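Examining the three-dimensional arrangement
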Amino acid sequence: MSEFLQETWAQLVRWLIHLQRERFSLTFALVSPIVFLVFFGGAFSQMAQASLRGESYRTFILPGIVALTVFGGSLSGGIELLFDKENGTLTRILAAPISRASILVSRFLYVNLVSSIQVCIIVALALLLGARIATGIPGLLVLIAMGLLLGFALTVISLMLAFVLTNHGEFFAILSFLTLPLAFLSSAFVPLDKMPAWMAVCARLNPMTYAVNGMRTLVLSGWDWGYLAKMALALMVFDTLCLLLGVSTLRRRIG
Amino acid sequence: MESVSIRTRGLVKKYGDVTALNGVDLEVHEGETFGLLGPNGAGKTTTVKILITLAQPEAGSAQVGGVDILREPARARRLFGYVPQELTADRALTARENLRWFAGMYHLDRSTREHRVRELLDLVDLAEAADRPVRTYSGGMKKKLDLACGLIHDPKILFLDEPSLGLDVKVRADLWRYVLGLKQRGVTVFLCTNYMDEADRLCDRVAVIDRGRIAVAGTPDELRAALGGDVITLETPPEASGTLAGLAQALSTLPFVKETLADGSRLSVYVEANETALPRVLEQASARGTTIQRIAYSRPGLDEVFLKYTGHRIDEEAQRV
Ligand SMILES: Nc1ncnc2c1ncn2[C@@H]1O[C@H](COP(=O)(O)OP(=O)(O)OP(=O)(O)O)[C@@H](O)[C@H]1O
Ligand SMILES: [Mg+2]
């Protein structure tokens, strides 16, 4: 056990050094959520005012933007493992006497840590721009937890892709193929009851919807524990499915 | 009787239709530097991948440091260090950070770690550059760092896959010096290379691998002795290469010629060590009107060993890639 902690920590430190040296790419990952928040949140507020019971559109889309940020960060989180694979570093890591799980756990912790930091930055900015969280600071913590429940599954998918694919071209192709439909066929921008029926069906199958709806209750209405639990449960089912799929895939790949 | 450090029996590895290894038997003694010598695509890296437990052979067995690597891969991984053919250090990290990362993966405790990191940075002459990101390093420095990472846990067995590929003469000489130092400290080194001089200089014993099979194994001297005597290599202009076969035939009838081997526009004539051999061969050539562009008389090197046991030259294979 202590060996597992040590090897996981050593690998996590490696990623943290990357984080520290490559601040640019992280800042960059925040650009598009911030643009959404600042400009679209403002631009559409007139139009949305009528249908959204008087809340500002900015408050309304905050959960969607948070979910999208987590989504982007988590789903691309496996890419560094793919780079390691492409240049032979992974072979080297695998030749070390480490548990295979430590490779995934360290990367997983890192990706979710970064997501949490990004969520905090976005929420702070939204508060500065006048958005209000109905449940206050405790609500913010639950909101981050909701984000992580979504991120968990997506990170597993991403790590799995890194092991299955052979080059990062394929990886990016799959990423861009997934991003748009998952973003728009969810409740991130439009509430479920304002969607055409076919779209609502798709959105209900999309885990992003559950994360967004859960966060939205926290931001807009307050502590609705029953509803929050339902949303969290849906996300956990999705997490478990991804984890099972991930573990069986990786078993076959790296023994 | 020296004890065996690495042993393989009948290793077979296929990648789809390609048979990368076709029954590889090897025996490496404890403390020796062992060279696996072969051209591109011969199966050197594949052999190493199996020995470091990252590839599964279709058939055969292997032990590393007394551990059956197919049954207990996790235990075997503690015993060896591995330096791959490619440059693999993390470019965003400094040399020191790279070494600490490996120290963590090899479970060194904190005080051993710092001590070992300093020792290795000194060993590979990177102490001054230790706190600069690796992306600012030259290829040679990166290679040295890779070697240091492979030595972090002071392994008794080290796998080195083509260490001097693409390096300049100076760095190559440095790496050779480090490898000779390892031998002095009793480390078993398994070295893949396609440079004859490297194998000749560093290795106690050599196995020649060609198309997934071991063609011959022994000490460099044994292999040379098996060729017997010396070798005269002569070369005609390409357009005259047709005349070589006739010349080879004529030469084989001379009493001191043991064997001839034609290879394109080159002819190797194995002779008993004999002062008069060279003039007599030249005499024959001019009597037959064969134009000679170049001629050399040499004690055979591993180059000739390779040619004799595989039927082709190592550099020709390399150029094909
Ligand atoms: N992952 C793979 N998939 C398919 N074929 C492979 C794979 N790895 C190796 N091979 C094939 O197996 C054969 C042996 O390759 P290997 O890498 O062991 O050669 P090598 O002796 O290390 O050559 P080099 O000097 O170029 O490094 C080659 O024909 C190669 O194309
Ligand atoms: Mg190779």
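Small disclaimer: the values here were computed from a predicted structure and weren't measured. (Residues numbered from 1 in each chain as written. Chains lettered and ligands numbered in written order. Predicted model: local features only at pLDDT ≥ 70, side-chain atom pairs only at ≥ 80, totals over all residues. Heavy atoms only, no water.)

1. Some words on the overall build of chain A
Of regular secondary structure, chain A possesses 12 helices and 0 strands. Scanning chain A from its N terminus toward the C terminus, one meets helices and strands in the order α-α-α-α-α-α-α-α-α-α-α-α. Relative to the compact-globule value of 18 Å for 255 residues, chain A shows a C-alpha radius of gyration of 19 Å, a close match. If you line up chain A on its principal axes, its C-alpha atoms span 60 × 35 × 35 Å. (Helix = DSSP H or I, 4+ residues; strand = E, 2+ residues; numbered from the N terminus. Rg over C-alpha atoms; globule rule 2.2 N^0.38 Å.)

2. Focus: helix α5 (residues 79-86) of chain A
In an α-helix, one turn spans 3.6 residues; hence positions three or four apart end up facing the same way. Looking at α5 of chain A, one finds that the buried residues are Ile79, Glu80, Leu81, Leu82 and Asp84 of chain A. For α5 of chain A, the elements touching its buried residues are α1 (2-21), α6 (89-94), α7 (100-128), α8 (136-164) and α9 (168-184) of chain A. (Buried < 20%, exposed > 50% of the residue type's maximum accessible area, 1.4 Å probe, protein only. Contact = heavy atoms within 4.5 Å.)

3. Digging into the interface of chain A and chain B
Buried accessible area, meaning the area lost when the parts come together, often serves as the stated size of an interface. In this assembly, 22 residues from chain A lie in contact with 29 residues from chain B. Taking both sides of the interface into account, the surface hidden between chain A and chain B amounts to around 2,200 Å²; carbon and sulfur atoms contribute 60%. Per-residue buried area on chain A facing chain B is highest for Arg92, Ala95 and Pro97 of chain A; these three make up 32% of the total on that side. Inspection of the region where chain A meets chain B yields 4 salt bridges. Where aspartate 146 of chain B meets arginine 92 of chain A, a salt bridge forms, and the shortest distance between an N and an O atom there is 3.4 Å. (Buried area = accessible area lost by both parts, 1.4 Å probe. Salt bridge = Lys/Arg side-chain N within 4 Å of Asp/Glu carboxyl O.)

4. Digging into the pairing of strand β3 (residues 33-37) of chain B
All names here are of chain B. Of all 5 residues that make up β3, 5 are buried, and the element is covered over most of its length. A two-sided burial pattern is seen for β3, the buried positions comprising Thr33, Gly35 and Leu37 on one face and Phe34 and Leu36 on the other. Pairing of β3 with strand β8 (residues 188-193), which is carried by 5 bridges, proceeds in the parallel orientation. Residue pairing for β8: phenylalanine 34 is matched across the bridge by phenylalanine 190. (Pairing = 2+ DSSP bridges.)

5. Concerning the nonpolar core
Formed by 118 residues in total, the largest nonpolar core has its most connected members in Leu143 of chain A together with Leu99, Leu147 and Ile152 of chain B. The biggest single contributor to this core is α8 of chain A, with 12 residues. Here leucine 99 of chain B is in contact with Val117, Leu120, Leu121, Leu145, Ala148, Cys149 and Ile152 of chain B, once residues within four sequence places are set aside. Ala95 of chain A together with Val67, Phe190 and Ile209 of chain B belong to the second-largest nonpolar core, a separate cluster that totals 28 residues. (Core = buried A, V, L, I, M, F, W, Y, C linked by side-chain atoms within 4.5 Å.)

6. A short note on the coordination of the magnesium ion (ligand 2)
Residue and element names in this part refer to chain B. Surrounding the magnesium ion (ligand 2) are the protein donor atoms Thr45 (OG1) and Gln85 (OE1), which sit 1.8 to 2.2 Å from the metal. Of this pair, threonine 45 sits in helix α1 (residues 44-51) while glutamine 85 sits in the loop between β6 (80-83) and α3 (95-105), and the two are 40 residues apart along the sequence. Residue class for glutamine 85 comes out partly exposed when judged on its relative accessible area of 27%. (Donors = N, O, S within 2.8 Å, 3.2 Å for Na, K, Ca; no water.)

7. Description of a nonpolar patch on the surface
Residues and elements named next belong to chain A. Taken together, the side chains of Phe24, Phe28, Val31, Val35, Phe39 and Phe40 define a hydrophobic patch exposed on the protein surface, amounting to about 630 Å² of accessible area. By the secondary structure assignment, valine 35 is in helix α2 (residues 23-43). A relative accessible area of 33% places valine 35 in the partly exposed class. (Patch = residues over 30% accessible without salt bridge, like charges linked within 9 Å, V, L, I, M, F, W, Y side chains within 5 Å. Areas by Shrake-Rupley, 256 points an atom, 1.4 Å probe, with all protein chains shown as cover.)

8. Quick word on α3 of chain B
The buried fraction of α3 of chain B amounts to 10 of the 11 residues, a majority that puts the element mostly inside the structure. Among all positions of α3 of chain B, only Ala95, Arg96, Glu97, Asn98, Leu99, Trp101, Phe102, Ala103, Gly104 and Met105 of chain B are buried. Residues of α3 of chain B that are buried sit in contact with α1 and α6 of chain A together with α4 (110-123) and α5 (139-150) of chain B. Histidine 107 of chain B sits one or two residues past α3 of chain B and shows a positive phi near 60°.

9. Points about the pairing of strand β4 (residues 59-64) of chain B
Residue and element names in this part refer to chain B. Relative to β4, strand β1 (residues 4-15) is paired through 5 bridges, and the arrangement is antiparallel. What sits directly across from arginine 7, in β4, is glutamine 63. Bridge analysis of β4 against strand β5 (residues 67-68) gives 2 bridges, and the strand direction is antiparallel. Within β5, the residue paired with glutamine 63 across the bridge is aspartate 68.

10. Regarding the packing of α1 of chain A against α7 of chain A
Helix-helix packing: each pair is described by the crossing angle between the helix axes and the interaxial distance. Residues and elements named next belong to chain A. For the pair α1 and α7, the least separation of the axes is 8 Å and the interaxial angle reads 40°. Judged by the inter-axis angle, α1 sits oblique to α7. Crossing angle aside, the handedness with which α1 passes α7 is right-handed. Contacts from Phe4, Glu7, Thr8, Gln11, Leu12, Trp15, Leu16 and Leu19 of α1 reach α7 at Ala101, Ser102, Ile103, Val105, Ser106, Arg107, Leu109, Tyr110, Leu113 and Val114. (Axes fitted to C-alpha atoms, helices over the stretch in contact; angles between N-to-C directions. Parallel < 35°, antiparallel > 145°, perpendicular 65-115°, else oblique. Left-handed = near helix turned anticlockwise from the far one by under 90°.)

11. So, the pattern of salt bridges
Taken as a whole and judged by the stated rule, the model has 25 salt bridges over all chains. Among the salt bridges present, the one from arginine 78 of chain B reaches glutamate 3 of chain A, with a minimum N-O distance of 3.1 Å. In this pair, arginine 78 of chain B is assigned in the loop between α2 (73-76) and β6 and glutamate 3 of chain A in helix α1, connecting two distinct chains. Judged by its relative accessible area of 41%, arginine 78 of chain B falls in the partly exposed class. When its relative accessible area of 31% is taken as the criterion, glutamate 3 of chain A is described as partly exposed. With its nearest N and O atoms 3.9 Å apart, the salt bridge here joins arginine 116 of chain B to aspartate 154 of chain B.

12. Overview of the packing of aromatic side chains
In the structure shown here, the tally under the stated rule is 9 aromatic pairs over all chains. With a centroid separation of 5.0 Å and an interplanar angle of 25°, the aromatic rings of phenylalanine 184 of chain A and phenylalanine 189 of chain A are classed as stacked. Note on phenylalanine 184 of chain A: relative accessible area 45%, which makes it partly exposed. Ring geometry for phenylalanine 159 of chain B against phenylalanine 190 of chain B: centres 5.4 Å apart, planes inclined by 55°, an arrangement best described as tilted. (Phe/Tyr/Trp six-rings, centres within 6.5 Å; stacked < 30°, edge-to-face > 60°.)

13. Here's the deal with the sheet that holds strand β12 (residues 257-263) of chain B
Residues and elements named next belong to chain B. Read across the sheet, 4 strands follow the order β12-β13-β11-β14 without closing on themselves; strand pairing throughout is antiparallel. The open sheet terminates on both sides in strands that have one partner only, identified here as β12 and β14 (294-298). Neighbour-to-neighbour, the strand axes of the sheet open up by a mean angle of 15°, direction not taken into account. Here β12 runs beside strand β13 (residues 266-271); their pairing, made up of 6 bridges, is antiparallel. Residue pairing in the sheet places aspartate 263 in a bridge with arginine 266 of β13. With respect to the sheet, helix α9 (residues 244-252) is in contact with β11 (230-235), β12 and β13, its orientation differing from that of β13 by roughly 5°.

14. Details of the site of ligand 1
All names here are of chain B. Residues in contact with ligand 1 amount to 14 residues; listed here are only the nearest, Gly41, Lys44, Thr45, Thr46 and Glu162. One nitrogen or oxygen atom from the side chain of asparagine 40 is found 2.8 Å from an oxygen atom belonging to ligand 1. With the chains in place, 63% of the 630 Å² that ligand 1 exposes on its own is no longer accessible. Among the secondary structure elements, those contributing two or more residues to the shell around ligand 1 are β2 (18-29) and α1. (Near = heavy atom within 4 Å. Polar contact = N/O pair within 3.5 Å; in protein donor to acceptor, adjacent residues only side chain to side chain.)

15. Here we look at the domain arrangement of chain B
Under the domain assignment, chain B is made up of domain 1 (4-222) and domain 2 (229-299). Each of domain 1 of chain B and domain 2 of chain B was reduced to a C-alpha centroid, and the two centroids are 40 Å apart. (Domains from an automatic or database assignment.)

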